[in-house]
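# Coordinate analysis (summary)
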Amino acid sequence: MTVVLMRRVIQKSLLMGLLSIVASLALSFAIVPLLGGQVAGAGLFMTIFCPLAISIPASAFHFSQSEKIRRAEATTTEALQKLADAYDALRFQSRRDGLTGILNRTAFLEDLEAARQQGVAGALLFLDLDYFKSINDRYGHATGDEALRCIGRILTRYQSQSDFAGRLGGEEFGLFQSDMTFEDMLDRSEEIREEITSVVFFSPSGSEVRISASIGACLCKPGFDPAGCLKAADENLFQAKALGRNRVIA
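Residues numbered from 1 in each chain as written. Predicted model: local features only at pLDDT ≥ 70, side-chain atom pairs only at ≥ 80, totals over all residues. Heavy atoms only, no water.

### A look at helix H5 (residues 141–156)
Definition in use: Per the convention used, a helix needs a DSSP run of H or I reaching at least four residues, while a strand needs a run of E reaching at least two, with both numbered from the N terminus. One fewer than the residue count of a helix, multiplied by 1.5 Å, yields its expected span. For the exposure calls, accessible area comes from a 1.4 Å probe over protein chains only, and a residue counts as buried if that area is under 20% of its type's maximum, exposed if over 50%, partly exposed in between.
Look at H5: 22 Å from first C-alpha to last across 16 residues, which is about the 22 Å you get at 1.5 Å a residue. Residues Thr143, Gly144, Ala147, Leu148, Cys150, Ile151, Gly152, Ile154 and Leu155 constitute the buried set of H5.

### A word on the nonpolar core
The cut-off we apply is this: Think of a nonpolar core as a cluster: buried Ala, Val, Leu, Ile, Met, Phe, Trp, Tyr and Cys residues, connected wherever their side-chain atoms sit within 4.5 Å. The contact rule is simple, with two residues in contact once any of their heavy atoms fall within 4.5 Å.
Ranked by size, the top nonpolar core spans 29 residues in total, and within it Leu125, Leu127, Leu155, Leu175, Ile192, Ile196 and Ile211 carry the most contacts. Contributing elements (two or more residues each) for this core: strand E1 (122–129), helix H4 (132–139), H5, strand E3 (172–178), helix H6 (182–197) and strand E6 (213–220). For this core, the leading source of residues is H5, giving six residues. Residues contacting Leu175, with those up to four places away along its chain left out, are Phe108, Ala123, Leu124, Leu125, Leu127, Leu155, Tyr158, Phe164, Ala165 and Ile192. Core analysis: the next-biggest nonpolar cluster, separate from the first, contains 18 residues, Phe108, Leu124, Phe176 and Ala233 among them.

### Some remarks on the side chain of Gln177
Keep this limit in mind: For this analysis, a polar contact is any N or O atom pair within 3.5 Å, provided that within protein one partner can donate a hydrogen and the other can accept it, and provided that sequence-adjacent residues contribute only side-chain to side-chain pairs.
Within the secondary structure, Gln177 is located in strand E3. A distance of 3.0 Å separates the side chain of Gln177 from the backbone oxygen of Tyr158, its partner in a polar contact. Here the side chain of Gln177 touches Arg188 through a polar contact of 2.3 Å, side chain to side chain.

### Structural notes on the sheet that holds E3
As a reminder of what qualifies: One requirement defines pairing of two strands: DSSP has to find at least two bridges between them. As a rule, the C-alpha atoms of each element are fitted with a line to give its axis, helices using only the stretch in contact, and angles between N-to-C directions run from 0 to 180 degrees.
Spatially, five strands are ordered E2-E3-E1-E6-E7 in an open sheet, and the strand pairing comes out mixed. In this open sheet, the two strands that pair with only one neighbour each are strand E2 (164–169) and strand E7 (248–249). In the sheet, E1 pairs with E6 via eight bridges, with the strands oriented antiparallel. Across the sheet, the residue bridging to Asp128 is Ser214, located in E6. In the packing of H5 onto the sheet, the strands contacted are E1, E2 and E3, and the crossing angle to E3 comes to about 5 degrees.

### Here's the deal with the pattern of salt bridges
To keep it simple, the criterion reads: By definition, a salt bridge exists where a carboxyl oxygen of Asp or Glu is found within 4 Å of a side-chain nitrogen of Lys or Arg.
A full pass over the atoms with the stated rule returns 13 salt bridges. Asp111 is the partner of Arg95 in a salt bridge, and the nearest nitrogen-oxygen pair spans 3.0 Å. Taken as a pair, Arg95 in the loop between helix H2 (42–94) and helix H3 (105–117) and Asp111 in helix H3 lie far apart in primary sequence, 16 residues in all. Where Asp97 meets Arg167, a salt bridge forms, and the shortest distance between an N and an O atom there is 3.4 Å. Within this pair, whereas Asp97 is found in the loop between H2 and H3, its partner Arg167 is found in strand E2, the two being separated by 70 residues in sequence. Exposure remark for Asp97: the relative accessible area of 14% places this residue in the buried category. On the basis of relative accessibility, which here comes to 17%, the residue Arg167 falls in the buried class. Taken together, the salt bridges that share partners define one network made up of Arg95, Glu110 and Asp111.

### A few points about the environment of Leu237
Along the chain, Leu237 turns up in helix H7 (residues 226–242). The exposure class assigned to Leu237 is buried, which follows from its relative accessible area of 3%. In the structure, Leu237 is positioned ten residues away from Arg247 in sequence and 8.9 Å away in space, judged by C-alpha atoms.

### Examining unusual backbone geometry
Note on backbone geometry: most residues besides glycine have negative phi, and most peptide bonds are trans. Phi angles above zero are rare outside glycine, and Tyr131 is one such case at about 55 degrees. Along the chain, the position of Tyr131 falls in the loop between E1 and H4. Looking at Tyr131, the relative accessible area reads 49%, which means it is partly exposed. Phi angles above zero are rare outside glycine, and Asp179 is one such case at about 55 degrees. In this structure, Asp179 sits in the loop between E3 and H6. Here Asp179 falls in the exposed class, since its relative accessible area comes to 65%.

Written as structure tokens, this is what we have:
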């Protein structure tokens, strides 16, 4: 028991002892005379001593136990908060793609469904990194991973409370931008495509590496069908790649 705790227990115990003496004296002087007796001598001594002998140890025990309970509750609350924080951190990590840091496929589809349920409209962009296999074959997988991270960093800048990006698999990415017209969607798609083509980095061997991406876009109306919009965006992406890559089709 700490010095501070001991001081608090002693103070509260003495206070309870004094209150007990006052109560005992009040009862004795009120009742004993009615019974024909007098509060004096040994009777007066017992009236004062007994409350002290009983109340101080009992109060000390009570207050010390109360303090232990209070500390146990504080420790439990702290432990529960740490557990909640750990759960939130684990959930956050479980929704992220380990390489790029944006949403993984499952989380992206969950957020897309949530947008549908909330009646949000917007643009769905489906991106595919051009000639990704050639990058891996020519420069190695470490360079391929860096190319994917570059895409992830670019898409991260377009995330907000209602806008989100995810890696849907391999070199494929998705981006949802809320409250956009068709013209806004085309402008945003071209903006992102140009940002990607401006990326320059170097392979472990020192070779300069440039990348590009093809983009298929689909405008999502309130209450849109996520699967249907993904399919439409994918079909537009396929057409963009068939027409020569590094372009936008909506």
